[in-house]
Amino acid sequence: MFTLIRPALSLLLLMTLLTGVAYPLLVTGVAQVAFPDQANGSLIHDADGKVRGSRLIAQDFTGDGWFHPRPSAGAFATVASGASNFSPSNPALATRVIDDAHKLQVSGQGPVPLALLTTSGSGLDPHLPPAAIAYQLARVAAARNVPVSTLQQLLDDNTEQPLVGPPVVNVLALNMALEKI
């Protein structure tokens, strides 16, 4: 009996050390060398060195003086990240989108951009299309008493063109730049 148990325990210990200790340490080491910013959370610091957030995770901004991100199904909590899983035919989704559209509607600006009404797959997408930010320019300009042209320049300066896909704006980075005005 011991001749069967000893090799099994030895193999269990070996595989635990390989897959539970050695491999994670190796992957962490490679990530720290190859992608140090991403491996450490892609953190954004303010002028004082204080961490304000991550470039990879959306956070909520409230009030008329800030650009708002897309809605989050998990209330911007990373533990509960994910979509609401409501189907397009679900009345609760339709009600939420219609209510949000009425709250965000600005007279004379046409329909509210879809990115400001729908959640992303993760519920934590930090980016918006430039059109969704442009829709908010008049509200933010009025709340901060700055010209729309100044905010348009800020939007242009913070628009990123990823390797693949349409241009996007990181809402946290944009609001941090807005804070300096």
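Preceding this paragraph is the structure being described.
Note that the coordinates shown come from a computational prediction; the quantities given were computed from them, not determined experimentally.

A. A look at unusual backbone geometry. Look at Asn145: it is not a glycine, yet its phi comes out positive at around 55 degrees. With respect to the helices and strands, Asn145 occurs in the loop between helix H4 (130-144) and helix H5 (148-157).

B. Local environment of the pairing of strand E2 (residues 51-54). Here strand E1 (residues 43-45) pairs with E2 via 3 bridges, running antiparallel. Counted as the bridge partner of Ile44 is Gly53 from E2. Where E1 folds back onto E2 in an antiparallel hairpin, the turn is made up of 5 residues, including Gly49, whose phi is positive at roughly 90 degrees.

C. Representation of the nonpolar core. Phe67, Leu128, Ile133 and Leu151 are the most contacted members of the largest nonpolar core, which has 28 residues in total. If you list the elements that add at least two residues to this core, you get helix H3 (91-104), H4, H5 and helix H6 (171-179). Setting aside residues up to four positions removed in sequence, Leu151 forms contacts with Phe67, Leu137, Val140, Ala141, Val146, Leu178 and Ile181.

D. Highlighting the environment of Leu137. Its location among the elements puts Leu137 in helix H4. In this structure, the C-alpha to C-alpha distance between Leu137 and Thr150, residues 13 residues apart in sequence, is 9.6 Å. For Leu137, the contacting residues outside a window of four places in its chain are Phe67, Val148, Leu151, Gln152 and Leu155.

E. Highlighting the packing of H5 against H6. Close contact between H5 and H6 brings their axes to 10 Å; oriented N to C, the two are set at 135 degrees. The angle between H5 and H6 places the two elements in the oblique class. Seen from above, H5 lies across H6 with right-handed handedness. Facing Leu151, Leu154 and Leu155 of H5, the residues of H6 in contact are Leu174, Ala177 and Leu178. In terms of residue class, the contact of H5 with H6 is made up of 6 nonpolar, no polar and no charged.

F. Structural detail: the packing of H4 against H5. The N-to-C vectors of H4 and H5 enclose an angle of 150 degrees; their axes lie 9 Å apart at closest approach. As summarised for this structure, H4 and H5 are arranged roughly antiparallel, according to the angle between their axes. Where H4 crosses over H5, the handedness of that crossing is right-handed. Taken together, the residues of H5 that come into contact with H4 (itself represented by Pro130, Ile133, Ala134, Leu137, Ala138, Val140 and Ala141) are Val148, Leu151, Gln152 and Leu155. When grouped by side-chain class, the residues that make up the contact of H4 with H5 number 10 nonpolar, 1 polar and no charged.

G. Molecular detail of the pattern of salt bridges. Counting across every chain of the model gives 5 salt bridges. The closest approach of N and O atoms between Arg55 and Asp37, which form a salt bridge, is 2.3 Å. Taken together, the residues span a long stretch of sequence, with Arg55 in the loop between E2 and H3 and Asp37 in helix H2 (residues 36-39) at a distance of 18 residues. In the salt-bridge network here, residues are joined through shared partners; they are Arg96, Asp100 and Lys103.

Conventions adopted
Residues numbered from 1 in each chain as written. Predicted model: local features only at pLDDT ≥ 70, side-chain atom pairs only at ≥ 80, totals over all residues. Heavy atoms only, no water. Helix = DSSP H or I, 4+ residues; strand = E, 2+ residues; numbered from the N terminus. Pairing = 2+ DSSP bridges. Core = buried A, V, L, I, M, F, W, Y, C linked by side-chain atoms within 4.5 Å. Buried < 20%, exposed > 50% of the residue type's maximum accessible area, 1.4 Å probe, protein only. Contact = heavy atoms within 4.5 Å. Axes fitted to C-alpha atoms, helices over the stretch in contact; angles between N-to-C directions. Parallel < 35°, antiparallel > 145°, perpendicular 65-115°, else oblique. Left-handed = near helix turned anticlockwise from the far one by under 90°. Nonpolar A, V, L, I, M, F, W, Y, C, P; charged D, E, K, R; others polar. Salt bridge = Lys/Arg side-chain N within 4 Å of Asp/Glu carboxyl O.

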